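Listed below are the residues making up each chain.
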Amino acid sequence: MNIIFHEAFYGVYAGDPAAAAGRMEPIIRELKKYPHYTFITPEPAGHEDLQRAHSDTHIKTIKGSPTLYNVAALAAGGAIKAAELAFAGEPSFGCIRPPGHHASGTSCWGFCFFNNMAVSLLKLMAQGKIQSAFILDFDLHRGDGNINILGDHEGIRILNPSSGNEKDYLLEIASVLEKAGDFDIIAASAGFDEYVDDWGGKLTTGAYREIGAMMKAFSEEYCQGRRYALLEGGYNYNDLGINIHAFCEGFR
Ligand SMILES: [Zn+2]
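Notes on the structure follow.

1. Brief notes about the overall build of the protein chain
Counting its regular elements, the protein chain contains nine helices and seven strands. Taken over the C-alpha trace, the protein chain has a radius of gyration of 16 Å; the compact-globule value for 252 residues is 18 Å, and the two agree within 12%. Its C-alpha atoms give the protein chain principal-axis dimensions of roughly 45 × 40 × 35 Å. In the protein chain, which comprises 252 residues, the share counted as buried stands at 50%.

2. Some points on the sheet that holds strand E2 (residues 38–40)
On the basis of which strands lie adjacent, the open sheet formed by seven strands has the order E2-E1-E3-E7-E6-E4-E5 and parallel pairing. Two strands lie at the open edges of the sheet, namely E2 and strand E5 (156–159), each paired on one side alone. The sheet shows a mean angle of 20° between the axes of neighbouring strands, taken without regard to direction. Running at roughly 175° to strand E3 (residues 92–94), helix H4 (residues 66–87) makes contact with strand E1 (2–4), E2, E3 and strand E7 (227–231) of the sheet. Strand contacts of helix H9 (residues 240–251): E3, strand E6 (186–190) and E7, with the helix running at about 175° to E7, the strand carrying the most contacts.

3. Some words on the packing of H4 against helix H5 (residues 116–126)
Their axes nearest at 8 Å, the elements H4 and H5 cross at an angle of 45°. Here H4 lies oblique to H5, going by the angle between them. Classified by chirality, the crossing of H5 by H4 is right-handed. Of the residues in H5, those in contact with Ala75, Ala76, Ala79, Ile80, Ala82, Ala83 and Phe87 of H4 are Asn116, Met117, Val119, Ser120, Leu121, Lys123 and Leu124. Here the contact of H4 with H5 is built from residues that sort into eleven nonpolar, two polar and one charged.

4. Examining the environment of Lys216
Here Lys216 lies in helix H8 (residues 205–222). Taking the C-alpha atoms as reference points, Lys216 and Phe251, 35 residues apart in sequence, are found 5.1 Å from one another.

5. Description of H8
Residues spaced three or four apart along an α-helix face the same direction, because each turn holds 3.6 residues. Helix length check: H8, at 18 residues, gives a terminal C-alpha distance of 26 Å against a target of 26 Å (1.5 Å per residue), a fit within 8%. For H8, the full list of buried residues reads Ala207, Tyr208, Ile211, Gly212, Met214, Met215, Phe218 and Ser219. Around the axis of H8, the buried residues are gathered within 160° of arc, so they sit on the same side. Of the residues in H8, the exposed ones pointing more than 90 degrees away from the buried face are Glu220 and Glu221. Looking at the packing, one finds that the buried side of H8 touches strand E4 (133–137), helix H7 (166–180), E6, E7 and H9.

About the criteria used
Residues numbered from 1 in each chain as written. Predicted model: local features only at pLDDT ≥ 70, side-chain atom pairs only at ≥ 80, totals over all residues. Helix = DSSP H or I, 4+ residues; strand = E, 2+ residues; numbered from the N terminus. Rg over C-alpha atoms; globule rule 2.2 N^0.38 Å. Buried ≥ 20, exposed ≤ 12 C-beta atoms within 10 Å, placed from the backbone. Pairing = 2+ DSSP bridges. Axes fitted to C-alpha atoms, helices over the stretch in contact; angles between N-to-C directions. Contact = placed C-beta atoms within 7 Å. Parallel < 35°, antiparallel > 145°, perpendicular 65-115°, else oblique. Left-handed = near helix turned anticlockwise from the far one by under 90°. Nonpolar A, V, L, I, M, F, W, Y, C, P; charged D, E, K, R; others polar. Expected span 1.5 Å × (residues − 1). Arc of directions from axis to C-beta.

In structure tokens:
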């Protein structure tokens, strides 16, 4: 399974918890323990890629801080790489930052700047590779940027599960996927801040493994096996790598 990562993601580009020092290193240390992960280095997204999801004014605003722009464009490029590999039949996890699901077309908040998910899916659509996509956003927070940019798009379905405990949360995902039907690809906005020892306090490490496995099974039955995930939130730096690995164990 592919892990999309660039050493530039170690850099501290802002003062928010997603950009904090020491967040990415333990993830990579954990994933490097396992020989079945292939690490792939992305290229930055180009202006044309960003433009499919964002206004020129928004892109220009982010460009006002070159450090921020460079890493945000690289994260969006990492999302594109994950999507392209997934389309080619290789499950991929974009271990990227800044996250993207709170970035809308003309504005952003919540530690997000460019919408990595929208940039990646809209590129596959522009290339005529896909016409439909299912997005599972299991971050603690509702991905308003994903919804604002992609929610009205014909062929795109977004699920932000909202059940109050782990059992119901997993059942909610299972029951929606069971009735969803065919899609050209499935992608996750993979936030890990619903973890029991993170802000949300709800999901165990085993739940992430199960979510990964449900997505794999769905992709194999309804999406020709095409699946990828992009890192969003997750602020327990000690356990983030373990939870991402658990998700990938189910997903790969
Ligand atoms: Zn979050």
